[in-house]
Amino acid sequence: MKRQDYISWDEYFMGIALLSAMRSKDNNSQVGACIVSPENKILSLGYNGMPIGCNDDDMPWEREGSDLDTKYMYVCHSELNAILNSPNHDLRGSRMYVTLFPCNECAKAIIQSGIKELIYLSDKYHDTHASIASRRMFNMTGVKYRAYQPTGREIKLDV
Ligand SMILES: Nc1ccn([C@H]2C[C@H](O)[C@@H](COP(=O)(O)O)O2)c(=O)n1
Ligand SMILES: [Zn+2]
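Residues numbered from 1 in each chain as written. Chains lettered and ligands numbered in written order. Predicted model: local features only at pLDDT ≥ 70, side-chain atom pairs only at ≥ 80, totals over all residues. Heavy atoms only, no water.

Draft legend 1. A nonpolar patch on the surface, seen in detail. On the surface, Ile-7, Trp-9, Tyr-12, Ile-42, Leu-45 and Ile-155 cluster together into a nonpolar patch covering about 540 Å² of accessible area. At the level of elements, α1 (9–21) and β2 (42–47) are the ones that each hand at least two residues to the nonpolar patch. Inspection of the secondary structure puts Ile-42 in strand β2. Judged by its relative accessible area of 36%, Ile-42 falls in the partly exposed class. (Patch = residues over 30% accessible without salt bridge, like charges linked within 9 Å, V, L, I, M, F, W, Y side chains within 5 Å. Areas by Shrake-Rupley, 256 points an atom, 1.4 Å probe, with all protein chains shown as cover. Salt bridge = Lys/Arg side-chain N within 4 Å of Asp/Glu carboxyl O. Helix = DSSP H or I, 4+ residues; strand = E, 2+ residues; numbered from the N terminus. Buried < 20%, exposed > 50% of the residue type's maximum accessible area, 1.4 Å probe, protein only.)

Draft legend 2. The arrangement of the coordination of the zinc ion (ligand 2) in detail. The zinc ion (ligand 2) binds to the protein through His-77 (ND1), Cys-103 (SG) and Cys-106 (SG), with metal-donor distances spanning 2.0 to 2.3 Å. Positions of the donor residues of the zinc ion (ligand 2), expressed as sequence spacing, correspond to H-x25-C-x2-C. Of this pair, His-77 sits in the loop between β2 and α2 (78–84) while Cys-106 sits in helix α3 (residues 104–113), placing them 29 residues apart in sequence. Judged by its relative accessible area of 32%, His-77 falls in the partly exposed class. According to the relative accessible area criterion, Cys-106 is buried, its value standing at 4%. (Donors = N, O, S within 2.8 Å, 3.2 Å for Na, K, Ca; no water.)

Draft legend 3. Structural context of the UniProt feature "binding site: Zn(2+)" (unreviewed entry) in the protein chain. Within this numbering scheme, the UniProt entry marks His-77, Cys-103 and Cys-106 as carrying the feature "binding site: Zn(2+)" (unreviewed entry). Separation in sequence by 30 residues is not matched in space for these annotated residues, since their most distant C-alpha atoms are only 8.9 Å apart. Residues contacting His-77, with those up to four places away along its chain left out, are Tyr-47, Asn-48, Cys-103 and Cys-106. Sequence-distant contacts of Cys-103, that is, excluding residues within four places in its chain, are made with His-77, Glu-79, Ala-130 and Ser-134. (UniProt positions renumbered as here; feature names shortened; annotations may be inferred. Contact = heavy atoms within 4.5 Å.)

Given below as structure tokens:
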């Protein structure tokens, strides 16, 4: 008889998104994204970080202050990184696992790249204009979105 307690596709891909998030240097929100084909093959991964060539140690990571001195002007979101990290893949019909619900800018990139389903973990910015605009665009364009249903399973990396 086959093993019964194997992890589901959702656990697998959200787990990989969470692991990707651990690469982030952001001290407040570490976000990871994993794009998957309809055949459950991983097409791309991303996490929030500074653009290639911008030295993490020289960039601001602050949330507040004058615009130019905050991370918001510079950091590339995990969803956009995942999309851009996969220039040779056709993302049409794929789904994205992301550890934080996308902002409006990432929502535009998700829609334009043809991703059809979004599975998210945290929705901590649910009431912000960015999230409201994302939902508005997803609803209009038929991009499905659903919250990840935690299984309570603990997955430990002890290496
Ligand atoms: N869906 C999202 C939303 C945000 N991010 C990034 C951008 C920042 O690095 C961080 C948010 O920082 P906070 O305002 O929570 O201090 O997360 C992303 O990658 N994807
Ligand atoms: Zn974003």
